Amino acid sequence: MSRGFVSAARRRYRPLPVRESARERGTRWRPNPAPVAAALILLAGAATGLAQPAPTETPSGGAVRAQGAAQPGVPKELEGFEGRPIRSVQFRSAKVEGELPLDAQTEDLARNQLRLRPGQAFDTTLVSEDVARLNRLARFQRVEARVQLLQDGSVDLIYVLSLQPIVQSVQVVGNKKLDDDTILNQVSVLENTPVDPTQLDRAARRIEESYRAQGYYNALVTVDEEQLRETGIVLFVVREGERTKITDIRFEGNLAFAGREVRTAIKTKEAWLLSKGRLDPDQIAGDVASIIEFYKDRGYLDVRADSVVTLAPNGREAIVTFVIDEGPRYTLRDVRTSFAPGDPQIFDEPQLLGLMTIKPGDVYSLKKLDESVTLLKSAYHKLGYTDAVVRRRELRDPDNPVVDVLLVIDEGERFRVGEVIVRGNTITRDDVVRRNVTIQPDRPMDRTEAEETERRLRNSRLFAPGSAKVTIQPEDPEHPGYRDVLVEVDETNTGEFAVGGAVSSDAGLYATISLTQRNFDITDTPDTFGELFSGDAFRGGGQTFTIAALPGDRVRQFSVSLTDPYLFETDYSGGASAYYRQRLYRAYDEERYGGSFRIGRRFGSRWQASIPFRLESVALSDIDEDAPTDYYDWEERQNLASVGLTLSRSTLNNPFRPTAGNVIEMGVEQFGGVSDVNFTRLTAGYNGYFSLSEDIFGRRTVLNLNSKIGWIPQDGDDVPFYEKFYLGGRSFRGFAFRAVSPVGIENDSGEVGNDPVGGNFSFFLGLELEQPVYEDVVSVVGFIDTGTVTDELSLDDYRVSVGAGLRLYVPQLSTAPLAFDFGFPLIAAETDREQVFTFSIDVPFN
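Residues numbered from 1 in each chain as written. Predicted model: local features only at pLDDT ≥ 70, side-chain atom pairs only at ≥ 80, totals over all residues. Heavy atoms only, no water.

A word on the pattern of salt bridges. Scanning the entire structure with this criterion turns up 49 salt bridges. The residue Glu107 makes a salt bridge to Arg111 at a minimum N-O spacing of 2.9 Å. In this pair, Glu107 and Arg111 are both assigned in helix H1 (residues 104-111), 4 residues apart and thus about one turn of the helix distant. Taken together, the salt bridges that share partners define one network made up of Glu590, Arg592, Arg614, Glu616, Glu669, Arg681 and Glu723. (Salt bridge = Lys/Arg side-chain N within 4 Å of Asp/Glu carboxyl O. Helix = DSSP H or I, 4+ residues; strand = E, 2+ residues; numbered from the N terminus.)

Laid out in C-alpha cells, this is it:
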C-alpha cells in the first residue's frame, strides 16, 4: 500500500524586545521526493486572521509595526485534495520524538478551535483558517498542517504543534523607585503557563504606566529575550530615567479666550504647592478633548486642538503647549420640530422653545442644547409620556457660521402608575422605604420622579451604596395604560462605631466617640436574648439613635439622642435627647445637664416648622477674682425651661456643599414656667448661595451671603449672661471667640474689664467668595465679616474684618470641610480681643 503526505507550516511570530522593530521569522520546508506517489508540500499556514505583533512606541513617540512576508495563496498542489472526505483529524507534538500525541488538555483546547471535522470534505481555505485560530491561542510557536492520502481516497488531516516554552519565573531588574512587589502586581504573566507575547507586551506597558503615575515620563520596560529563550525566565528590564515635572503650561492660537479661561478646562497642572506637576500623556490627551469641548460649548464647532511637550535636556522638566485653531463662532438661527405620525403634539413649537435654555440668536452651545433637550424630555415625562424621546439634528449653513436645530420628537403613549412594588428590604419596614418613594399609584407615570426616588433612597443611607434602583415595568396587559414600578433595595449595616478627634480655635482639642444606628426602631423589641445580640432587634424603623462622648481640654460632653423623621408615619418629625456638658471658659467653668424634645412638621419639600422644648440646669464654678460682676450674679445653679417655635425654608441644591439656593429661618424661644428666669429670645437668619461662574468640569465659584439677627426685648439684668448673644471666632473671623460683645465691670476693682458679658441685640452680615483651585478638594475663600453685639437695639460699635482662607474637602473625614482662615479687623472696639487665625479640623481615627 503506497501512501503520500502533503504538509504545510507557518512559524508564528516570536516575542521581540519592546520598542524594537520585529521581523517575521517564517520558513518554508521543502520535502524530498519519496518512493511513493505523494509528496510533502508546504501549505500556506495562516492565510487569514493571524495576529500581528502589537505596535510599539519608540522613545521619540513614533510607532513601528513589525511587517511579515506577504500572505501566500493556496498551493496548486493541494487542489487535487479538494473535496476528499476526511477520515480523521489528529494532533502531534513536534517536540516529542516520533510525534507522539499531545496531552489531553492541550489537544482538547486545540480541537475546539477547528471548523474542519472528520466526515467533512477537505477544504484548503478552512485549513488555513483553522491554523490561524490555533496561532491566536498563543500556546504554540509553530503550527504545521499535513495531509495524508489513504488508499480508499480519503485523507487524514494532521496538525503538528510546537508548544510555546513555559514560564519558569517572573523577575524584574533595574528598578529603584518602585519595589519588586509593586511592579509584579501590575504583571498578569503567570509562572508555569505558556509564554504569551501579547501578555508580555501588555505587562511591560502597565509597568511603564506605573512609573508615569510617579512622574517618570521616559520610563522604558523591555523583556530580555535571550534569557527567556535559554531559561524560560521572564525578566523585565526597567530603565527608569528621570522624574519629569511640568514647569509651565502655555496656550497658542487662543484668540477668543485668555489662557486663564482655557486653563479652567484642563486637569494638567504645573508643579506648585500641592500639585506635583506630573507629566501624564493620557491626561494631556484628555485635556485636548476637554479644550475642544470647552470651545464647542461656546459656539466654536470647528475648533481643533493638539499638544506639544517640550522636554528639558536633562529630562527633569517639561513645558506643555496646547495649540488651538478656534475657527468661526456659530450662532443658533432657528429651531424647528418634527413629530412622529399620530402624536397628539402636547406642546407646540413656541411652548417647546420657551422651555429651552438656548434661544435663536444665542451662541450655539452644545452644553446648553443638551440641557434644553433634557428639559424637554422632562416636560413630557411629567405628563406621563414615559417613553418620550427628543432627538436633535444639527443643520449647518455651508456659507455662514449659523446652525438650525431640528427637534425630532416621538411622544409615545401616555401612562399612569399602577402598583408600586418594593423588594429587597428584609429588615427595613416597607413604610420606611415608601416614605422616600415620590411615585404614587394612579398618577401620571413621571420618569423624573423615578430618578428623584433613587436619589432620596441613596441619601437616606439606609441601604447599600448603589443598590437603590427604580424600574418602570412594561404596560400591564390586564390594565391598559398602566405600568407598575419596581423599587429594589439592598440592606446594609447601618450601625456605626466612630472614634475620632477634632480641634478648633473655638472649642479646643477633643476626642469623639460615638455609637450610631441610622435604622433604629424603638418598637422592635427583642423576643429573645439571641435577637438582641444578633442585631435583629431594634432595627428597620428609619430612626436614628446615637450615644456620643466628647472628652476634651475645653469641652466635655456626653449625650444620648433619638430622632424620627416621620413620627407615627406622618409628616411630623420628633426627637429627644439627654445630655451632660462642661465648658471651660477663660474666666469660669460652666456645667449644664438636662434634656430637650422637639416636634416638627414638613410643609411640602421646602418649608418646615418645629416646636422645641428644653429643660436644663446650669451652674458656674472656678470664677476668676477679676471676672465681671455678672458672672458672680449668676453663679448659683439656675433651672431653665423654654418652649419655642422655629420656621425655616430651604432651597439648597446640596445640603453639605451648596452652590445655589438659600435658607431662611425665623424663631422665637420663651423662657418661663418652672424656669428661674423669664424672658423671650427672637432670632432670624438668611444664608444664600449664588454661583458666579462654572468651569468645564462643573467646579463653581460661589458667593455666600450670610446674615443673622437676634434680640431679647427684656432688661439685660433679668437675663443670664450665658443666654445672651455673642460673636467672634468662627462666627466673626478676626476676633477671638465670644469677643464681640459688651464687657462687664470687674468684681475686684469695680472698673471696666475686658471679659465679655453678652448683649441683648446681635447683628451679623458677611460675604464669602469661594473659588476651587484644585479639583473638588482644595478651595480658597475671601471674606468680609461685619456686625455688632449691643445691650440695646442699635448698630453701635459696629465691627468690620476682612480676610482669606483655605477649604479642604475630604469626604472620608467629614461632610464639613477642613477650614483655615486669616481675618484682619478693620474696625474694632477698644475692648475687643483680636484673633488672626481661626480653624476647624475634624478627623476620624477609624
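From this point, the discussion proceeds with the structure in view.
On to unusual backbone geometry, then. Generally, phi is negative for residues other than glycine and the peptide bonds are trans, each holding for most cases. Positive phi is not limited to glycine here, since Asp442 has a value of about 70°. Within the secondary structure, Asp442 sits in the loop between helix H10 (430-434) and helix H11 (447-460). Here Phe568, not a glycine, exhibits a phi torsion of approximately 55°, which is positive. Within the secondary structure, Phe568 is located in the loop between strand S22 (555-564) and strand S23 (572-584).

Let us look at helix H4 (residues 197-213). The first and last C-alpha atoms of H4 sit 25 Å apart over 17 residues, in line with the 24 Å expected at 1.5 Å per residue. Within the sequence span of H4, burial applies to Pro197, Leu200, Asp201, Ala203, Ala204, Ile207, Glu208, Ser210, Tyr211 and Arg212. Once H4 ends, the next one or two residues include Gly215, with phi positive near 100°. (Expected span 1.5 Å × (residues − 1). Buried < 20%, exposed > 50% of the residue type's maximum accessible area, 1.4 Å probe, protein only.)

Assignment of secondary structure puts Thr244 in the loop between strand S9 (233-239) and strand S10 (245-252). Within the structure, the side chain of Thr244 is placed 2.6 Å from the backbone oxygen of Gly315, a separation counted as a polar contact. (Polar contact = N/O pair within 3.5 Å; in protein donor to acceptor, adjacent residues only side chain to side chain.)

The 3 strands lie next to each other as S10-S12-S11, forming an open sheet whose pairing is mixed. Lying at the two open borders of the sheet, with one neighbouring strand each, are S10 and strand S11 (304-311). When strand polarity is set aside, the average angle formed by the axes of neighbouring strands in this sheet is 20°. Bridging between S10 and strand S12 (residues 317-325) involves 7 bridges; their strand directions are parallel. By the bridge assignment, Phe251 is partnered in S12 with Phe322. (Pairing = 2+ DSSP bridges. Axes fitted to C-alpha atoms, helices over the stretch in contact; angles between N-to-C directions.)

This part takes up the sheet that holds strand S13 (residues 331-339). Read across the sheet, 3 strands follow the order S13-S15-S14 without closing on themselves; strand pairing throughout is mixed. The open sheet has two edge strands, S13 and strand S14 (389-396), and neither has a second partner. If you compare each strand with its neighbour and ignore which way they point, the axes differ by 20° on average. Relative to strand S15 (residues 402-410), S14 is paired through 8 bridges, and the arrangement is antiparallel. Looking across to S15, one finds that Val389 is bridged to Asp410. Here helix H9 (residues 366-382) sits on the sheet in contact with S13, S14 and S15, set at roughly 150° to S14. (Contact = heavy atoms within 4.5 Å.)

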